[in-house]
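For reference, the chains in residue letters:
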Amino acid sequence: MRVLVVCNAGMSSSILVKKMKDYAASQGEELMIKAVSSAAAENEAGEWDVCLVGPQLMHAVDEIAEAVEVPTEAVDMRTYAMADGEGALKQAKALLEK
């Protein structure tokens, strides 16, 4: 699975990305994941299976989805705030299945 995480500057999402990688590894799953800023999202078009957007950019989900050309949604606020890697990965998988 290839997951792109987009936030304002790509910094706050780096913790979530690490937790998602750790959880995937603990489950024996292969996960390719990257965090980028919203300004850099359009450079990632077509490279990912799904895109999760930091809740601080909830207002821009449609614009980001158009730029990256994959299923996109905002990460649940609690999941993001708690850096819940398991929850975020489950959300990404559910998004892929829609």
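Reading the values: the criteria
- Residues numbered from 1 in each chain as written.
- Predicted model: local features only at pLDDT ≥ 70, side-chain atom pairs only at ≥ 80, totals over all residues.
- Heavy atoms only, no water.
- Helix = DSSP H or I, 4+ residues; strand = E, 2+ residues; numbered from the N terminus.
- Rg over C-alpha atoms; globule rule 2.2 N^0.38 Å.
- Buried < 20%, exposed > 50% of the residue type's maximum accessible area, 1.4 Å probe, protein only.
- Areas by Shrake-Rupley, 256 points an atom, 1.4 Å probe, with all protein chains shown as cover.
- Polar contact = N/O pair within 3.5 Å; in protein donor to acceptor, adjacent residues only side chain to side chain.
- Contact = heavy atoms within 4.5 Å.
- Core = buried A, V, L, I, M, F, W, Y, C linked by side-chain atoms within 4.5 Å.
- Pairing = 2+ DSSP bridges.
- Axes fitted to C-alpha atoms, helices over the stretch in contact; angles between N-to-C directions.

A. The arrangement of the overall build of the chain in detail. When helices and strands are counted, the chain shows four helices and four strands. Written out in order from the N terminus, the α and β elements of the chain read β-α-β-β-α-β-α-α. Here the C-alpha atoms of the chain give a radius of gyration of 12 Å, agreeing with the 13 Å that 2.2 N^0.38 yields for 98 residues. When the backbone C-alpha atoms are referred to their principal axes, the chain occupies close to 35 × 25 × 20 Å. Evaluated residue by residue, the chain yields a buried proportion of 45% over its 98 residues. A total accessible area of about 5,400 Å² is found for the chain, and carbon and sulfur atoms account for 50% of it.

B. Inspection of the side chain of Gln-91 at higher detail. Structurally, Gln-91 can be placed in helix α4 (residues 85-97). Residue classification places Gln-91 among the buried positions, given a relative accessible area of 13%. Within the local environment of Gln-91, its side chain forms a polar contact with the side chain of Glu-73, the two groups lying 2.9 Å apart. If we ignore the near neighbours within four places in the chain, the residues touching Gln-91 are Leu-52, Glu-73, Ala-74, Val-75 and Asp-76.

C. Spotlight on the nonpolar core. In terms of nonpolar packing, the biggest core is built from 18 residues, with Val-3, Leu-16, Met-20, Leu-31, Ile-33, Leu-52 and Leu-89 touching the most fellow members. Broken down by secondary-structure element, the contributors of at least two residues to this core are β1 (2-7), α1 (12-26), β3 (50-53) and α4. The dominant element in this core, judged by the number of residues it contributes, is α1, at five residues. Leu-4, Val-36, Val-53 and Ala-74 belong to the second-largest nonpolar core, a separate cluster that totals 14 residues.

D. Summary view of the sheet that holds strand β2 (residues 32-37). Read from one edge of the open sheet, four strands run β2-β1-β3-β4, paired in parallel fashion. Lying at the two open borders of the sheet, with one neighbouring strand each, are β2 and β4 (72-74). Averaged over neighbouring strand pairs, the angle between their axes works out to 20 degrees when direction is ignored. Bridging between β3 and β4 involves three bridges; their strand directions are parallel. Bridge pairing in β4 links Leu-52 to Glu-73. Against the sheet, α1 touches β1, β2 and β3, its axis set at about 175 degrees to β2.

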